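Breakdown of the fold
The residues making up each chain are set out below.
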Amino acid sequence: MYGWTGTTLRIDLTKGIATREATNMTLAHEYIGARGLGGRILTDEVDHNVDALSPANKLIFAPGPFTGTFAPSAGRFNVITKSPLNGTIAASNSGGTFGAELKYAGYDMVIIEGKSPKPVYLWIKNDQVELRDASGLWGLNAHDATDAVRELTDEDAKVACIGPAGEHLALMGCIMNEMHRAAGRTGVGAVMGSKNLKAFAVVGTGSVTVADPVAFKAAVMKARGKIQAHPVGGAGLKAYGTNVLVNILNETGALPTRNFQDGYFPTADKTGGESLAAKQLVRPKGCFSCIISCGRVTKVDNPEYAGIGEGPEYETAWGFGADCGIDDLDAITKANFLCNEYGMDTIACASTIACAMELFERGYLTLADTDGIDLRWGDAHAMVEMVRKCGEGEGFGKRLAEGSYRLADSVGHPELSMTVKKQEMPAYDPRGVQGIGLNYATNNRGGCHVRGYTIAVEVLGNGMSMDPHVTEGKAGLGIAFQNLTAALDSSGACLFSTFGIGGDELAEMLTALTGVSYTVEEFVKIGERIWNNERMWNLDNGYTSADDTLPQRLLDEPILTGPSKGEVNHLGEMLPEYYSLRGWDEDGVPTEATLESLSL
Amino acid sequence: MAGLPGVTPGSPGPAVCEWSAPLNIKYFATFRDLTGETACVLENPPATVGELLEVLSARYGTPFRRAAFEGEDLSPFLVLLVNGRNVRHTGGRTTPLREQDEVCVFPMVAGG
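Residues numbered from 1 in each chain as written. Chains lettered and ligands numbered in written order. Predicted model: local features only at pLDDT ≥ 70, side-chain atom pairs only at ≥ 80, totals over all residues.

1. Things to note about the overall build of chain A
- Helix and strand content of chain A: 24 helices and 17 strands.
- Relative to the compact-globule value of 25 Å for 600 residues, chain A shows a C-alpha radius of gyration of 22 Å, a close match.
- With the principal axes as the frame, chain A shows a C-alpha extent of 60 × 55 × 45 Å.
- Classification of the 600 residues of chain A by burial places 64% in the buried group.
- Of the contacts made within chain A by residues no fewer than 6 positions apart, 70% connect residues no fewer than 24 positions apart. (Helix = DSSP H or I, 4+ residues; strand = E, 2+ residues; numbered from the N terminus. Rg over C-alpha atoms; globule rule 2.2 N^0.38 Å. Buried ≥ 20, exposed ≤ 12 C-beta atoms within 10 Å, placed from the backbone. Contact = placed C-beta atoms within 7 Å.)

2. As for the interface of chain A and chain B
- Listed as interface residues are 31 residues of chain A and, on the opposing side, 19 residues of chain B.
- Of all elements in the fold, only α8 (231-240) and α9 (245-252) of chain A reach the threshold of two or more residues within the side of chain A that touches chain B.
- Considered class by class, the residues forming the side of chain A that touches chain B number 16 nonpolar, twelve polar and three charged. (Nonpolar A, V, L, I, M, F, W, Y, C, P; charged D, E, K, R; others polar.)

3. Quick look at the packing of helix α2 (residues 34-45) of chain A against helix α21 (residues 520-540) of chain A
Residue and element names in this part refer to chain A.
- Where α2 meets α21, the axes come as close as 10 Å, and the angle between the chain directions of the two elements is 35°. Classified by chirality, the crossing of α21 by α2 is left-handed. For the pair formed by α2 and α21, the contact residues are R35, G36, G39, R40 and T43 on the first element and I526, I530, N533, E534 and W537 on the second.
- When grouped by side-chain class, the residues that make up the contact of α2 with α21 number three nonpolar, four polar and three charged. (Axes fitted to C-alpha atoms, helices over the stretch in contact; angles between N-to-C directions. Left-handed = near helix turned anticlockwise from the far one by under 90°.)

4. Observations regarding the sheet that holds strand β7 (residues 120-125) of chain A
Residues and elements named next belong to chain A.
- Read across the open sheet, the six strands follow the order β8-β7-β12-β9-β10-β11; overall the sheet is mixed. Edge positions in the sheet fall to β8 (128-133) and β11 (181-183), since each has one partner strand and no second. Mean inter-strand twist for the sheet, computed between neighbouring axes without regard to direction, equals 20°.
- Pairing of strand β9 (residues 158-161) with strand β12 (residues 197-203) involves four bridges; the strand directions are antiparallel. (Pairing = 2+ DSSP bridges.)

5. Observations concerning the confidence of the model for chain B
All names here are of chain B.
- For chain B, per-residue confidence averages 85 on the pLDDT scale, and 82% of positions sit at 70 or higher.
- In the model of chain B, strand β2 (residues 39-42) stands out as the element of lowest mean pLDDT, 93, in contrast to strand β5 (residues 78-82), which has the highest, 98.
- Taken together, the stretch residues 1-19 has pLDDT below 50 and engages in 29 contacts with residues farther than four places along the chain or on a different chain. (pLDDT = per-residue confidence, 0-100.)

Here it is, written out as structure tokens:
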């Protein structure tokens, strides 16, 4: 067995037993691993009607074939489950070192089923698998829980765990690993909490077997060289982190501001990567086998927000920054630290607070709702306090923890939730960048940027450049990105490796690693298969073409100021072509011919 | 920033706009290191983006020129916005500069 370990571990929390089984290699070849394979297993084994927070849902931890190898930035794993936020397949992708360790322990997937009658943590050391009492860990934040689990198991254990947010089933609860990395989106932490599983610790002493070591080494060195030679992968991300995007998105007029009321934030520079590097950066940090090091170890000296931790990434700096009308970088970084400790998706948390601010400013929420806190635009203290409340599930924080859609809907104004399929959109305004709007609208897990990052072409000019303000060509662009990313996510490689390499290099490395021949066309076709599998799950769950849309604000209300002033998103000009190019009918349903061509 | 550095009396120099308002230029990321500035104001700016980059290269030296140009063309790793529009979609180095334009100079950046 090459690339894959050939072994899947199944944990029944209800009965407290573990069983090993052979990984379904037919599916592994067709879906690669991680997001693709885990998603297919979920659709095969879980009834789409189950309550996502019930024992009937499953929680799958899955690295990919590259994970644990020296392929560039090959430290990724996915957590796959039915999302409690919106019912989609929640394949939440994380870096760090946990995924590689899981692979070294010998597993392609760990499928967690049922619900433990009491809090437990899972401890795996190679073949040794134990469920241990976690009563003493329940209530600990993600940092303290990680330390405690290491003390109880092995000081070198890699630990994925939930914080208090996952415990109280916050729909923005994420799974933290190595304290600062997150499987962040779509509420996977709440599913872990619903199963009374506090933590998952692993030590592996094995390795990944390579089919053709000579060819693999050559392909990897070529790919590494391309990434290192590229100004972004080689130096830019290491110097400034992802937060370098604040200024270019702002100056393009696509930095969502005050809950997407505007697309330009005049003082955004105070919150950008340049300011972070000057004020807070301790050192850059990479995940397993990373040659990019986009991570930020940061320190805040300001006594009000003092602390040391990691972040913020761009999305986080935007969310707690411009989207809340805040330009205090110390407060933003503090909010990030709190999210990491409580185990919360920073995008969802920040966007929900921005939504709450707008609801408050418009009088739809009052001081009686917000526990007496004046929730005004630009109030950094109020924002940080809301993050704390949200993490604790305290008072108004309980409502925030359910995300902006449910919050806005509860006061009769769902239109003020900046979500797609109930998931908060990230940091790119679709009125200033047309193609990303189409990507948000059609994304299988709702508002998401990483599964169709057209920004690379529309704003950053990486590889090629398309005008962000035009709609022509964006359907094809979006599909190309969505398919490639689906395959890449399934391989265990990091999305950022594509700032330097593409499908050709990925297919070449995967072939040498696994001994299974993948052309770039086949690699991308797998991505298309994964995308359609996720689409079919959504349709089975009641989603329709009516859900392939954006908040009405983005379609009707022009950006008020800045370079994209006057712009709205023209989704209607792109969506029919998108359906057509996808091989879907006019209702967005894959045709029989499409499904057949994908072996679905 | 006053005048046009690198342009000596009698030399042809770059064409100069007829309008007299200064041009605001903002630098980001590595261009802040290359220029030692976050922004500058250019009096009597030239008429096109290409000429502007020549002027700025003369002011800031070879590192700036290397970051701005690849041969005669704009560097593929330069992102230059005029009023928020990437000049790759408005004519590249021939993109005209007009009164009250704002120019933003970025290296290629990425994230997500």
